[in-house]
Amino acid sequence: MIVFDQVQKSYQVAGRAIPALHPTDMTIETGEVFGIVGHSGAGKSTLVRLINLLEPPTGGRILIDDENITEYSPAELRAFRRKVGMIFQHFNLLSSKTVADNIAFPMKLAGIYSKTDIRDRVQELLARVSLTDHANKYPSQLSGGQKQRVGIARALACRPTILLCDEATSALDPQTTQSVLKLLADINRELGLTIVLITHEMDVVRRVCDRVAVMDAGEVVEMGPVSEVFLHPKHPTTRDFVFESESIDREEMQEDLQKAKGRIMRLTFKGDATYKPLLGSVARESGVDFSILSGRIDHIKDTPYGQLTLSLVGGDLDVAMSALEAADVHVEVLR
Ligand SMILES: Nc1ncnc2c1ncn2[C@@H]1O[C@H](COP(=O)(O)OP(=O)(O)OP(=O)(O)O)[C@@H](O)[C@H]1O
């Protein structure tokens, strides 16, 4: 478990302290995929670099599995860093080394593994990231997705318990992004590794994360399970991210809603409720007529969800709302 207790970070710029992370409390559970989403400059990289003390905090305590890592001696810190792998947006591979040597590099650097250990581990990792046939190639001979797979294998070399991903898919096309995210999800499930993933795309969070923190100007402004934050965003920054990921133009949506008659409601279906044929029976029971203004069905990690915006006219609205809520549908009155 990673615990931030009033952790803060300022950078010294020309003799002045510029705050990048305001005092923050946060807990990341062991084995979860935790997303950190925010615009450029929000403080995401700072926050994640505090977890492996690439940046020392200017205040507060960072506890990992109940140990205060800010009090570690240099030797303890070196051992700790082997337990934290990291992957980067631009892969950061060594261009003069082969794929196999890139993966072996952190193990050689640690100086505690035998040659046989390193060779066996590299073979195992090459298979894990489906690059066995590319072991002797150089990074320049690989696609972006393959380079990131090397980055992932290298990050796993010393069997870390935490994997930090700094915009790991931002340089990749959508299809490659999907395959890299699937690989990360498999690794999380099979190895029980804690993954902390920075991104500026809510869609990445929706696909793989269990919980998410939304950052804005050095502060965590919203935090919770992805289904909660994604389906019921509260802070304006979170709403912006969700609308952006769903390609919704807010002004256009407002115009559309103004043209609609009656009450306007947004229904959110989750899990089994997503596939129930509810609307017809609710309309019959309550006498309410409805028209669909917008709708989508998708997944949050492995859970299906649906969202429908409806205009409702006539009948008994209270009966309709009670019937929907009884069927586990979240009802939000927009007008
Ligand atoms: N080494 C540094 N020295 C001085 N200021 C820094 C340093 N690193 C980051 N900052 C500042 O701290 C703030 C947060 O930066 P950070 O890189 O953590 O944000 P971010 O959300 O990761 O942004 P991006 O997505 O662009 O990487 C920014 O205002 C940035 O200019």
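Treat the numbers as computed from the prediction; the structure is a model and nothing was measured.

### Notes on the packing of helix α3 (residues 99–110) against helix α5 (residues 144–156)
Inference 1: Across the interface, α3 lies against α5 with an axial gap of 7 Å and an inter-helix angle of 30°. When the interaxial angle is binned, α3 and α5 end up roughly parallel. Here α3 runs over α5; the crossing is right-handed. Contacts between α3 and α5 involve Val99, Asn102, Ile103 and Pro106 on the former and, on the latter, Val150, Ala153 and Arg154.
Inference 2: When the residues that make up the contact of α3 with α5 are grouped by side-chain class, the tally is five nonpolar, one polar and one charged.

### Points about the packing of α3 against helix α4 (residues 115–128)
Inference 1: Running from N to C, α3 and α4 cross one another at 130°; their axes reach a closest spacing of 9 Å. One way to sum up the angle between α3 and α4 is to call them oblique. Considering only the axes of α3 and α4, their crossing is right-handed. The segment α3 lies against α4, with Val99, Ala100, Ile103, Ala104, Met107 and Lys108 engaging Asp117, Ile118, Arg121, Val122, Leu125 and Leu126.
Inference 2: Counted by class, the contact of α3 with α4 contains nine nonpolar, no polar and three charged residues.

### Things to note about the pattern of salt bridges
Inference 1: In total, this model carries 16 salt bridges according to the counting rule given.
Inference 2: When the shortest N-O distance is used, the salt bridge between aspartate 186 and arginine 189 registers 2.8 Å. Separated by three residues within a single helix, aspartate 186 and arginine 189 lie in helix α6 (residues 174–191), roughly one turn from each other.
Inference 3: Take aspartate 186: its relative accessible area is 13%, and that puts it in the buried class.
Inference 4: Assessed through its relative accessible area of 57%, arginine 189 is described here as exposed.
Inference 5: Beyond isolated ion pairs, a larger network of salt bridges with shared partners links Asp203, Arg206, Arg207, Arg296 and Asp298.

### A short note on the site of the ligand
Inference 1: Neighbouring residues of the ligand: Tyr11, Val13, Ala20, His39, Ser40, Gly41, Ala42, Gly43, Lys44, Ser45 and Thr46.
Inference 2: With respect to the ligand, the side chain of serine 45 contributes an N or O atom lying 2.8 Å from an oxygen atom.
Inference 3: Coverage of the ligand by the protein amounts to 57% of the 630 Å² it exposes when considered alone.
Inference 4: Listing elements by their share of the shell around the ligand, those giving two or more residues are β1 (2–13) and α1 (44–51).
Inference 5: The dominant element in the shell around the ligand, judged by the number of residues it contributes, is α1, at three residues.

Definitions and cut-offs
- Residues numbered from 1 in each chain as written.
- Predicted model: local features only at pLDDT ≥ 70, side-chain atom pairs only at ≥ 80, totals over all residues.
- Heavy atoms only, no water.
- Axes fitted to C-alpha atoms, helices over the stretch in contact; angles between N-to-C directions.
- Helix = DSSP H or I, 4+ residues; strand = E, 2+ residues; numbered from the N terminus.
- Parallel < 35°, antiparallel > 145°, perpendicular 65-115°, else oblique.
- Left-handed = near helix turned anticlockwise from the far one by under 90°.
- Contact = heavy atoms within 4.5 Å.
- Nonpolar A, V, L, I, M, F, W, Y, C, P; charged D, E, K, R; others polar.
- Salt bridge = Lys/Arg side-chain N within 4 Å of Asp/Glu carboxyl O.
- Buried < 20%, exposed > 50% of the residue type's maximum accessible area, 1.4 Å probe, protein only.
- Near = heavy atom within 4 Å.
- Polar contact = N/O pair within 3.5 Å; in protein donor to acceptor, adjacent residues only side chain to side chain.
- Areas by Shrake-Rupley, 256 points an atom, 1.4 Å probe, with all protein chains shown as cover.

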